[in-house]
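Per-entry structural report
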Amino acid sequence: MDFFGTAVFALTGSIKGIAHRLDLLGVVVLGCTVGIGGGVLRDSALGLTPASALEDPRYLLFCILVSLLVFLFPRKWLAGNRNIILYADAVGLGVFTAIGNAKAMQSGVPNITVVLSGVITATGGGVIRDLLVRTIPSVLKYDFYATASLLGGLLYCLLYSFDVPRVPLFWSVAVCVFLLRIIAFYRHLKLPQKR
């Protein structure tokens, strides 16, 4: 699931690179940034060095391959399949939240760190991506994105306290975050903004 989430986020990162009319290298850099950025930030914060995404070359290879494939797709195809991209991104958000929660819990850190670890894993790469293209990180301004990850982390800690087995625990959180993201998108749910 880690490789799957990496590939999905590399897809969204490289599409953002194309939207900003970056060259091939720029598209690959954004794909790799979103694909492994959150995991690298998480592992660094937890003191797990070197980060797993940098120890295993398959992570970067997945990101590069996905980015190259996206670069080869016609721009019209990418624009016409936004729903596929939305759902793929929501799956990645759920999977990476649960992975971040699980990795932090295995490290024996407090529950608040477990929750934040899921959020960092799921959104950290996207924050770096947005900074690279000089925009306010979307998780701070739009959508019910980081909030869905945060709520998923709280659910993880709750279910863990009831000794829910590891696999059902993982999937419960991943599915919950996915559903929250999709429902929020279609219902236009957002956190309040100061007017």
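Being a predicted model, the structure only gives us computed values, none of them experimental.

Focus on the layout of surface pockets
Estimated volume of the second largest pocket: approximately 150 Å³. Lining the second largest pocket are 13 residues, with Val139, Leu140, Lys141, Asp143 and Leu191 sitting closest to its centre. Among the residues forming the lining of the second largest pocket, the class breakdown is eight nonpolar, two polar and three charged.

Describing the environment of Leu154
By the element assignment, Leu154 lies in helix H8 (residues 146-161). A relative accessible area of 49% places Leu154 in the partly exposed class. The spatial distance from the C-alpha of Leu154 to the C-alpha of Gly118 is 9.7 Å, given a sequence separation of 36 residues.

Quick notes on the packing of helix H6 (residues 82-106) against helix H9 (residues 166-187)
It is the contact of H6 with H9, at a shortest axis distance of 8 Å, that shows an interaxial angle of 140 degrees. By the angle between their axes, H6 is oblique relative to H9. For the pair H6 and H9, the sense of crossing is right-handed.

Structural notes on the pattern of salt bridges
Going through the model one piece at a time under the given rule, you end up with five salt bridges. When the shortest N-O distance is used, the salt bridge between Arg42 and Asp43 registers 2.9 Å. Taking relative accessible area as the criterion, Arg42 reaches 3% and is therefore assigned buried. Under the relative-accessibility criterion, Asp43 is labelled buried at 0%.

Considerations on the packing of aromatic side chains
Summed over the entire model, instances satisfying the criterion amount to seven aromatic pairs. Seen from their ring centres, Tyr156 and Tyr160 are 6.3 Å apart, and the 10 degrees between their planes marks the pair as stacked. Remark: Tyr160 and Tyr156 occur in helix H8; sequence separation between them is four residues, near one turn of the helix. You can call Tyr156 buried: its relative accessible area is 4%. A centroid spacing of 5.3 Å and a plane angle of 85 degrees characterise the contact between Phe170 and Trp171, whose relative ring orientation is edge-to-face. Residue Phe170 is classed as buried on the basis of its relative accessible area, which comes to 14%. Under the relative-accessibility criterion, Trp171 is labelled partly exposed at 39%. Each member of the aromatic cluster is reached from another via a ring pair, and the members are Phe3, Tyr59 and Phe62.

Focus: the confidence of the model for the protein
Mean pLDDT over the protein: 91, with 97% of residues reaching 70 or higher. Summarising per-element confidence for the protein, the mean pLDDT is lowest in helix H5 (residues 75-80) (68) and highest in H8 (97).

With respect to the side chain of Ser67
Assignment of secondary structure puts Ser67 in helix H4 (residues 57-72). By relative accessible area, Ser67 is classed as buried at 0%. Of note is the side chain of Ser67, whose polar atom sits 2.8 Å from the backbone oxygen of Cys63. Once residues lying within four places of it in the same chain are set aside, the contact partners of Ser67 are Ala10, Ser14, Val27, Val28, Gly31 and Cys32.

Considering unusual backbone geometry
Residue Pro50 is bonded to the preceding Thr49 through a cis peptide linkage, with omega at -5 degrees. Summarising the element assignment, Pro50 is placed in the loop between helix H2 (24-45) and helix H3 (52-55). Unlike most non-glycine residues, Arg134 shows phi in positive territory, near 60 degrees. The topology assignment puts Arg134 in the loop between helix H7 (111-132) and H8. A relative accessible area of 77% means that Arg134 is categorised as exposed.

Analysis parameters
Residues numbered from 1 in each chain as written. Predicted model: local features only at pLDDT ≥ 70, side-chain atom pairs only at ≥ 80, totals over all residues. Heavy atoms only, no water. 1 Å grid on protein atoms, 1.4 Å probe; cavity = no way out; pocket = protein on both sides within 12 Å on 5 of 7 lines; lining within 4 Å. Points joined across faces, edges and corners; volume = space filled by probe spheres on them. Nonpolar A, V, L, I, M, F, W, Y, C, P; charged D, E, K, R; others polar. Helix = DSSP H or I, 4+ residues; strand = E, 2+ residues; numbered from the N terminus. Buried < 20%, exposed > 50% of the residue type's maximum accessible area, 1.4 Å probe, protein only. Axes fitted to C-alpha atoms, helices over the stretch in contact; angles between N-to-C directions. Parallel < 35°, antiparallel > 145°, perpendicular 65-115°, else oblique. Left-handed = near helix turned anticlockwise from the far one by under 90°. Salt bridge = Lys/Arg side-chain N within 4 Å of Asp/Glu carboxyl O. Phe/Tyr/Trp six-rings, centres within 6.5 Å; stacked < 30°, edge-to-face > 60°. pLDDT = per-residue confidence, 0-100. Polar contact = N/O pair within 3.5 Å; in protein donor to acceptor, adjacent residues only side chain to side chain. Contact = heavy atoms within 4.5 Å.

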